[in-house]
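# Architecture at a glance
Listed below are the residues making up each chain.
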Amino acid sequence: MQKTIYKKVSTSSISISELMLPSHTNFSGKIHGGYILSLLDQVAFASASKFSGYYCVTASVDRVDFINPIEVGELVTLKACVNYVGNSSMIVGIRVEAENIQTGRIKHCNSSYFTMVAKDREGNNAAVPGLELCDEDDIRRFINCLKQIELKKERDLHEEKFNYSKAEAFSILKKYPVVISAS
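Below or above, wherever it landed, is the structure these notes cover. (Residues numbered from 1 in each chain as written. Predicted model: local features only at pLDDT ≥ 70, side-chain atom pairs only at ≥ 80, totals over all residues. Heavy atoms only, no water.)

What follows covers the side chain of Ser 52. For Ser 52, the position within the fold is in helix 1 (residues 33-52). In terms of polar contacts, Ser 52 uses its side chain to reach the backbone amide nitrogen of Tyr 54, at 3.1 Å. Not counting residues up to four positions away in its chain, the partners in contact with Ser 52 are Met 90, Ala 118, Val 128 and Pro 129. (Helix = DSSP H or I, 4+ residues; strand = E, 2+ residues; numbered from the N terminus. Polar contact = N/O pair within 3.5 Å; in protein donor to acceptor, adjacent residues only side chain to side chain. Contact = heavy atoms within 4.5 Å.)

In structure tokens, the structure reads:
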């Protein structure tokens, strides 16, 4: 049996910064959320790969909260680290901040959680190191990931068991501005 190697959360820390350009905007002139999602995926890959030592793929995006809009000319910084490890999976937490480079004002714009899976050269799942938790923040983040995982399992179980054609479903729908029609 192979001995588990443990790595500190800090070994997975990645920070990237990019100046937001007019080419990154959506139709309302703000930075496009899809562009930020692309950057989030890149930094999640880098953090997970740095930690695991393997090529990593995105298994799921468990949560993306857009909190504040990002403007053209702001310097966006994405900070990522591994918050949780399983056998071959890792949850990478990412914080996005935008800085007005003229005033120095920094705003929190996004928080995200990406589940990444380590892959070996043949494309099989690869075992990742254990996670060494060094402070209260590391512990808090790990436990919050455990809560996320349980909520996802509960949501999946509900989806499997809930009968959408029963009276219970129709009584729920009565509270909302919807109508049911046959197509």
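Here the focus is the sheet that holds strand 6 (residues 106-119). The strands making up a sheet are joined through hydrogen bonds of the backbone, oriented either antiparallel or parallel. One open sheet accounts for five strands, arranged 2-4-5-6-3; its pairing is antiparallel. The open sheet has two edge strands with one neighbour each: strand 2 (14-19) and strand 3 (55-66). Across the sheet, the mean angle from the axis of one strand to that of its neighbour is 25 degrees, orientation sign disregarded. Pairing analysis gives six bridges linking strand 2 to strand 4 (residues 74-85), with the strands arranged antiparallel. Within strand 4, the position partnered with Ser 15 by the bridge is Lys 79. In this fold helix 1 packs onto strand 2, strand 3, strand 4, strand 5 (89-100) and strand 6, with an angle of close to 135 degrees to the strand it touches most, strand 3. Running over the sheet, helix 2 (residues 136-161) touches strand 3, strand 4, strand 5 and strand 6 and is turned about 75 degrees from strand 4. (Pairing = 2+ DSSP bridges. Axes fitted to C-alpha atoms, helices over the stretch in contact; angles between N-to-C directions.)

Attention shifts here to helix 1. Taking 1.5 Å per residue as the helical rise, helix 1 with its 20 residues ought to reach 28 Å, and the 28 Å between its terminal C-alpha atoms agrees with that figure. Buried residues of helix 1: Ile 36, Leu 39, Leu 40, Val 43, Ala 44, Ser 47, Ala 48, Ser 49, Phe 51 and Ser 52, and no others. A positive backbone phi angle near 80 degrees is found at Gly 53, which sits one or two residues after helix 1. (Expected span 1.5 Å × (residues − 1). Buried < 20%, exposed > 50% of the residue type's maximum accessible area, 1.4 Å probe, protein only.)

Right, let's get into a nonpolar patch on the surface. On the surface, a nonpolar cluster with roughly 550 Å² of combined accessible area is contributed by Phe 170, Ile 172, Leu 173, Tyr 176, Val 178 and Ile 180. Residue position: Leu 173 is located in helix 3 (residues 167-173). Since its relative accessible area comes to 33%, Leu 173 is described here as partly exposed. (Patch = residues over 30% accessible without salt bridge, like charges linked within 9 Å, V, L, I, M, F, W, Y side chains within 5 Å. Areas by Shrake-Rupley, 256 points an atom, 1.4 Å probe, with all protein chains shown as cover. Salt bridge = Lys/Arg side-chain N within 4 Å of Asp/Glu carboxyl O.)

Structurally, the position occupied by Val 76 is in strand 4. For Val 76, a relative accessible area of 1% translates into the label buried. Separated by 36 residues in the primary sequence, Val 76 and Leu 40 have C-alpha atoms spaced 11 Å apart. Apart from residues lying up to four places away in sequence, Val 76 is in contact with Ile 16, Ser 17, Glu 18, Met 20, Ile 70, Val 96, Glu 97 and Ala 98.

The pairing of strand 4 with strand 5 spans eleven bridges and is antiparallel. Residue pairing in the sheet places Thr 77 in a bridge with Glu 97 of strand 5. Counted between consecutive antiparallel strands, the loop separating strand 4 from strand 5 contains three residues. Of the strand pairs in this sheet, strand 5 and strand 6 are connected by eleven bridges, and their pairing is antiparallel. Across the sheet, residue Glu 97 finds its bridge partner in strand 6, namely His 108. The hairpin formed by strand 5 and strand 6 contains five residues between the paired strands, and Gly 104 there has a positive phi angle of roughly 85 degrees.

On their own, these measurements won't tell you what the molecule is for.
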